[in-house]
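What follows is each chain in one-letter form.
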Amino acid sequence: MPANLTPQYYALEKEFKKENDPYEKLRLAKELMAIIPKHKGTEKLQAELKAKISQLKKQIEGGGKKHGVRQADTLSHIDREGAAQVILIGPPNSGKSSLVDSLTHAKPLIGDYPYTTIKPLAGMMVYDTVPFQVIDTPPISEELLETFLLSLIRQADLVAVVVDVSTPGFDKRLKVLFDRLEEKRVILTPEIPEEVEDARFAYKKSFFAAHKFLDENGDIGLEKIKTLYPDFNIVPTSILEDETLENFKAMIFNSLNIIRIYTKRVGHEPDFNDPIILPNGGTVEDAAYALHKDFAYKLQFAKIWGDGKHEGQRVKNSFVLTDKDIIEFHI
Ligand SMILES: Nc1nc2c(ncn2[C@@H]2O[C@H](COP(=O)(O)OP(=O)(O)OP(=O)(O)O)[C@@H](O)[C@H]2O)c(=O)[nH]1
Ligand SMILES: [Mg+2]
């Protein structure tokens, strides 16, 4: 029986065969599996793909040491820490490393020349008691788009596109960045669409840091980027002004649609240092679950303090929480 594979399948298969990075190869194998026509004529091919997927999984889980896997394996994945993983991308020399340097304790290499950063580097920053992971990355240009960077972008919760708006031609460099990512089926978007037509595309929520806006011509550049990308959130930033770095952090927090819930033990003051982080619309039960699975099962009821609530109001497990609510669990 003929396999009757689609042109889309053949194109993806070609990409899969060329790919050397195991993480990316695994992702492509899964994509192939998703689009392969499911009938008798492709059974053998499906079995081969399944075997390839499990082989790649083993290779990745084995950490590559035994098989002498290249260093690139570790570059394409960074374990998420904190409430979210935010990746900084941008054209060469735009100030990505400088931002990560100013925001975290990580010490990336900074240079007054392009292509300084070669490897990703993660650091932690805190905004209003919420820890976030931010990742510095190599630049994206006509000449360079690292494969591992694509994997990192796909895995991140949020993308910050860092653009030097004080240097003429940034609009062209930005277009190159968007186009090159789109070629690889990564779409930067102000909001994730509710329905994605083609499941092979990764839509990533993104905002712009209009960086170096205090430099000469930075104000003109800032206006220009606002006109060019009216749908995106844009935060003007400069390492020379701390306030703009706070705004950058606030932009991250606000883009993630998350809420902070403070816990309180019976008879004690609330703990404002270590909030539970939930997506918007999170319930009392979700908060209990975030603390511990068993806790959620045992939960009888909770008491809530916060805006628009009676002090210590007793609520059910399905009660929807809002940002900065204080919760006291009763089990
Ligand atoms: N005036 C000014 N210069 C800045 C600012 N931020 C970074 N720079 C300078 O811009 C240059 C590039 O900074 P990097 O942080 O290395 O830029 P990058 O985007 O990481 O560069 P690549 O790794 O090569 O892509 C350095 O000389 C920085 O000192 C800023 O806010 N204002
Ligand atoms: Mg850099």
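Here the residue index of a chain counts from 1 through its sequence in written order. Whichever chain is written first becomes A and whichever ligand is written first becomes 1, with later ones labelled in order. Local features in a predicted model are, by the rule used here, given only for residues with pLDDT of at least 70; side-chain atom pairs are given and counted only at 80 or more, and totals for whole chains, interfaces and linings are based on all residues.

**Some words on the overall build of the protein**
On a plain count of helices and strands, the protein comes out with 11 helices and 12 strands. Whether two residues are in contact depends on their C-beta atoms, placed from the backbone: they are in contact if these lie within 7 Å. Across the protein, the fraction of contacts at a sequence separation of at least 24, relative to all contacts at a separation of at least 6, is 60%. Secondary structure counts use DSSP, requiring at least four H or I residues in a row for a helix and at least two E residues in a row for a strand, with both numbered from the N terminus.

**A look at the pairing of strand 10 (residues 301-305)**
Whether a residue is buried, exposed or partly exposed is read from the other C-beta atoms within 10 Å of its own C-beta, which are placed from the backbone; 20 or more gives buried, 12 or fewer gives exposed, and intermediate counts give partly exposed. Side chains Ala302 and Ile304 project from strand 10 onto a buried face, and the interleaved Phe301, Lys303 and Trp305 project onto a face without burial. The pairing of strand 10 with strand 12 (residues 325-330) spans 5 bridges and is antiparallel. Across the sheet, residue Ala302 finds its bridge partner in strand 12, namely Phe329. When strand 10 meets strand 11 (residues 313-315), the two strands line up antiparallel, connected through 3 bridges. Residue Ala302 lies in a different strand from strand 11, and its bridge partner there is Val315. Two strands pair under a simple rule: DSSP has to find at least two bridges between them.

**Remarks on the site of ligand 1**
Placing a C-beta atom from the backbone of each residue, we mark the residue near a molecule or strand if the atom is within 6 Å of it. The local shell around ligand 1 holds 22 residues, among which Ser97, Ser98, Asp112, Thr117 and Pro139 are the closest. The nonpolar class holds Ala, Val, Leu, Ile, Met, Phe, Trp, Tyr, Cys and Pro. Asp, Glu, Lys and Arg form the charged class, and all remaining residues, Gly among them, are polar. Its residues placed into classes, the shell around ligand 1 shows 7 nonpolar, 11 polar and 4 charged.

**Remarks on the environment of Lys25**
One can find Lys25 in helix 2 (residues 22-35). Remark: the alpha-carbon pair of Lys25 and Ile53, spanning 28 residues in sequence, is separated by 8.8 Å. Each residue touching Lys25, except ones within four places of it in the same chain, is listed here: Phe16, Glu19 and Leu56.

**Thoughts on helix 10 (residues 284-291)**
Regarding helix 10, the residues found buried are Val284, Ala287 and Ala288. Along the axis of helix 10, the buried positions cluster into a sector of 100 degrees, meaning they face one direction only. Buried residues along helix 10 sit against strand 8 (258-263), strand 9 (271-279), helix 11 (293-298), strand 10, strand 11 and strand 12. The arc refers to the directions leading from the helix axis to the C-beta atoms.

**Regarding the domain arrangement of the protein**
For the protein, the assigned domains are domain 1 (7-70), domain 2 (78-255) and domain 3 (259-330). One C-alpha centre belongs to domain 1, the other to domain 3; they are set 43 Å apart. For the domain bounds, the source is a domain assignment made automatically or taken from a database.

**A closer look at the sheet that holds strand 8**
Strand order in this open sheet of 5 strands is 9-8-12-10-11, and the pairing throughout is mixed. The open sheet has two edge strands with one neighbour each: strand 9 and strand 11. Strand after strand, the sheet turns through a mean of 40 degrees between neighbouring axes, direction not considered. As paired elements, strand 8 and strand 12 share 3 bridges and run parallel to each other. Of the residues in strand 12, the one forming a bridge with Ile261 is Asp325. Orientation is described by axes fitted as lines to C-alpha atoms, over the contacting stretch for helices, and by angles from 0 to 180 degrees between their N-to-C directions. Contacts between helix 10 and the sheet are confined to strand 8, strand 9, strand 10, strand 11 and strand 12, with strand 9 contributing the most and set at about 115 degrees to the helix.

**Regarding the environment of Leu49**
Examined against the element boundaries, Leu49 turns out to sit in helix 3 (residues 43-61). Placed 17 residues apart in sequence, Leu49 and Leu32 show a C-alpha to C-alpha distance of 8.0 Å. Ignoring anything within four residues of it in the chain, the contact list for Leu49 reads Ala29, Leu32, Met33 and Ile36.

**Regarding helix 8 (residues 218-228)**
Listing the buried residues of helix 8 in full gives Gly221, Leu222 and Ile225. Viewed along the axis of helix 8, the buried residues span an arc of 105 degrees, placing them on a single side of the element. Looking at the packing, one finds that the buried side of helix 8 touches strand 4 (158-164), helix 7 (170-183), strand 6 (202-211) and strand 7 (234-237).

**Concerning the packing of helix 2 against helix 3**
Where helix 2 meets helix 3, the closest approach of the two axes is 9 Å, and the angle between their N-to-C directions is 155 degrees. Considering the angle they form, helix 2 stands roughly antiparallel to helix 3. In this structure, helix 2 crosses over helix 3, and the sense of that crossing is left-handed. Residues Pro22, Tyr23, Lys25, Leu26, Ala29, Lys30, Leu32 and Met33 of helix 2 pack against Leu49, Lys52, Ile53, Leu56, Lys57, Gln59 and Ile60 of helix 3. Of the residues in the contact of helix 2 with helix 3, the class split is 10 nonpolar, 1 polar and 4 charged. Just so you know how the angles are binned, under 35 degrees is roughly parallel, over 145 roughly antiparallel, 65 to 115 roughly perpendicular, and the rest oblique. In a left-handed crossing the near helix is turned counterclockwise from the far helix by less than a right angle, and in a right-handed crossing that turn is clockwise.

**Things to note about the packing of helix 1 (residues 7-18) against helix 2**
Where helix 1 contacts helix 2, the axes come no closer than 10 Å and their chain directions differ by 160 degrees. Viewed along their axes, helix 1 and helix 2 adopt a mutual orientation that is roughly antiparallel. For the pair helix 1 and helix 2, the crossing hand works out as left-handed. Seen from helix 1, the contacting residues are Gln8, Tyr9, Leu12, Glu13, Glu15 and Phe16; seen from helix 2, they are Lys25, Leu28, Ala29, Glu31, Leu32 and Ile35. Residues belonging to the contact of helix 1 with helix 2 are distributed by class as follows: 7 nonpolar, 1 polar and 4 charged.

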